[in-house]
Protein chains: 2
Amino acid sequence: MKRSLDELAETLTHIDDRELMARFLQELLTAREAERISGRWEIVKRLSEGLPQRRIAEELGLSLCNITRGSRELRRRDSAIRTILEREGYTPIPPDESGP
Amino acid sequence: MKRSLDELAETLTHIDDRELMARFLQELLTAREAERISGRWEIVKRLSEGLPQRRIAEELGLSLCNITRGSRELRRRDSAIRTILEREGYTPIPPDESGP
DNA sequence: ACCGGTGTTTCTATAACCAGAAACAGGACC
DNA sequence: GGTCCTGTTTCTGGTTATAGAAACACCGGT
């Protein structure tokens, strides 16, 4: 259910300690999931810096299908990932003007 | 890399808005991953309440292999999940006394 | 016009995670 | 002793996300 994810999201907002958050993630995720998810985070960070997708794939040892996925999210006008990236000091590319 | 997960963890600690956190998760996770992960969260919540594992499996439509996994984490003395559950008002079962 | 770089999509094979069932050991109760 | 409920582990098959390669269209420079 979506409700469950909302509750988990709220719980995460209550965690302010970086180290506790990291341990919490490692316990809740499988090792491979942690790799995949943090890999996606690296992807969107690099995409927001304007790096070419093929170079990102090389650097991270990931496949292009992931990059496309991340770039789709970044292009959405109301993307939460873009909002977070801005707050973290990254400079995201502008949203797609020719929106849906 | 583990370093990436630490960075993601730190970013998560900067998000205080529940709704933004939920959207961020939905964009960063696949639909199935979100189901699985929030399912695990439901599992440990119910485990901490002392519900029988088979009843949890029934209620959530999940298999016992997941429950065992969660219960293993909860038994660890330095479990981050237990720490979080306590903060959220749940009353986790005590850690395994015959620890490693 | 050509060519190199770009973003995007599609294909097949592989590996991770899980459902469902079964089996085992331990304890409580009668 | 027998029975039931409990937690735990193991097995097989199926689903899901990905890697790696290939193909397409677009654009700018020469």
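What counts as what
- Position numbers for residues count from 1 along each chain, tracking the sequence in the order it is written.
- Here chains are named by letter from A upward and ligands by number from 1 upward, in the order in which they appear as written.
- Totals for whole chains, interfaces and linings use every residue, but because this is a predicted model, local features are given only for residues with pLDDT of at least 70 and side-chain atom pairs only at 80 or more, for both listing and counting.
- Side-chain metrics in this entry use all non-hydrogen atoms of the structure; hydrogen atoms and water are not considered.
- One heavy atom within 4 Å of a molecule or strand makes the whole residue count as near it.
- N or O atoms within 3.5 Å of each other form a polar contact, as long as, within protein, one can give a hydrogen and the other can take it, and as long as residues adjacent in sequence are counted only when both atoms are side-chain atoms.
- Under the scheme used here, helices are H or I runs from DSSP no shorter than 4 residues and strands are E runs no shorter than 2 residues, and both carry numbers assigned from the N terminus.
- Under the scheme applied here, ten amino acids are nonpolar (Ala, Val, Leu, Ile, Met, Phe, Trp, Tyr, Cys and Pro), four are charged (Asp, Glu, Lys and Arg), and all others, including Gly, are polar.
- The least-squares superposition of copies is restricted to C-alpha atoms, and to residues with a pLDDT of at least 70 in both copies.
- Put simply, two rings from Phe, Tyr or Trp (the six-membered ring, in Trp's case) pair if the centres are within 6.5 Å, and we call them stacked under 30 degrees between planes, edge-to-face over 60, tilted for the rest.
- A simple rule labels every residue: compare its accessible area, found with a 1.4 Å probe on the protein chains alone, to the largest value its type can have, and call it buried under 20%, exposed over 50%, or partly exposed in between.
- Think of a patch as exposed residues, more than 30% relative accessible area, with no salt bridge, where like charges cluster within 9 Å and nonpolar side chains (Val, Leu, Ile, Met, Phe, Trp, Tyr) cluster within 5 Å.
- Each accessible area is a Shrake-Rupley result for a 1.4 Å probe, and residues are judged covered by the shown protein chains and nothing else.
- Salt-bridge detection follows one rule: a side-chain nitrogen of Lys or Arg within 4 Å of a carboxyl oxygen of Asp or Glu.
- Counting rule applied: Lys, Arg positive; Asp, Glu negative; His and chain ends not counted.
- Charge positions come from single atoms, namely NZ of Lys, CZ of Arg, CG of Asp or CD of Glu.
- Lines are fitted to the C-alpha atoms to define the axes, a helix being fitted only along its stretch in contact, and any angle between axes, read from their N-to-C directions, falls within 0 to 180 degrees.
- Each angle is binned into one of four classes, with values under 35 degrees roughly parallel, values over 145 roughly antiparallel, values of 65 to 115 roughly perpendicular, and all other values oblique.
- Crossings are classed by handedness, with left-handed meaning an anticlockwise turn of the near helix from the far one by less than a right angle and right-handed meaning a clockwise turn.
- Only heavy atoms enter the contact rule, under which two residues are in contact if any of them lie within 4.5 Å.
- Here a cavity means grid points, on a 1 Å grid over the protein atoms only, where a 1.4 Å probe fits yet cannot get out; a pocket means an open set of points with protein on both sides within 12 Å along at least five of seven lines; lining residues are those with an atom within 4 Å of a point.
- Grid points are joined across faces, edges and corners, and a volume is the space filled by probe spheres set on the points.

### Looking at the protein's contact with DNA strand C
Not every one of the 19 residues close to DNA strand C is listed here, only the nearest: Thr30, Gln53, Ser71 and Arg75 of chain A together with Asn66 of chain B. Residue Arg54 of chain B places a side-chain N or O atom 3.3 Å away from a base nitrogen belonging to DNA strand C. The set of elements that each furnish at least two residues to the surface near DNA strand C consists of α3 (31-48), α4 (53-60) and α5 (64-75) of chain A together with α3 (31-48) and α5 (64-75) of chain B. Looking at side-chain class alone, the surface near DNA strand C contains four nonpolar, seven polar and eight charged residues.

### Some thoughts on the relation of the copies chain A and chain B
Laying chain A over chain B is done by rotating through 180° and shifting 0.0 Å along the axis; what remains is an RMSD of 0.0 Å. Put plainly, the chains are arranged around a two-fold axis.

### With respect to the packing of aromatic side chains
For the coordinates displayed, the defined rule picks out two aromatic pairs over all chains. Centre to centre, the rings of Phe24 of chain A and Trp41 of chain B are 5.5 Å apart; their planes meet at 85°, and the pair counts as edge-to-face. With Phe24 of chain A in helix α2 (residues 18-28) and Trp41 of chain B in helix α3, this residue pair bridges two chains. Each member of the pair, Phe24 of chain A together with Trp41 of chain B, is buried.

### Re a negative patch on the surface
A cluster of acidic residues, Asp16 and Asp17 of chain A together with Asp16 and Asp17 of chain B, forms a negative patch at the surface. Examined against the element boundaries, Asp17 of chain B turns out to sit in the loop between α1 (2-13) and α2 (18-28). Note on Asp17 of chain B: relative accessible area 39%, which makes it partly exposed.

### Concerning the packing of α3 of chain A against α5 of chain A
Residues and elements named next belong to chain A. It is the contact of α3 with α5, at a shortest axis distance of 9 Å, that shows an interaxial angle of 60°. As the angle between them shows, α3 and α5 are arranged oblique. You can see that α3 and α5 cross each other, and the crossing is right-handed. The residues of α5 that touch α3, namely those facing Arg40, Ile43, Val44, Leu47 and Ser48, are Asn66, Ile67, Arg69, Gly70, Ser71 and Leu74. Its residues assigned to classes, the contact of α3 with α5 shows five nonpolar, four polar and two charged.

### With respect to the layout of surface pockets
Residues and elements named next belong to chain B. Its boundaries defined by the atoms lining it, the largest pocket holds a volume of some 340 Å³. For the largest pocket, the lining is made up of 15 residues, of which Glu35, Ser38, Gly39, Leu60 and Leu62 are closest to its centre. Every element with two or more residues in the lining of the largest pocket is listed here: α3, α4 (53-60) and α5. With eight residues, the top contributor of residues to the lining of the largest pocket is α3. Residue composition of the lining of the largest pocket, by class: four nonpolar, four polar and seven charged.

### Concerning α2 of chain B
Given 3.6 residues per turn, any residue in an α-helix points the same way as the ones three and four places further on. Every buried residue of α2 of chain B is listed here: Leu20, Met21, Ala22, Phe24, Leu25, Glu27 and Leu28 of chain B. Next to the buried residues of α2 of chain B lie α1 (2-13), α3, α5 and α6 (80-87) of chain A together with α1 of chain B.

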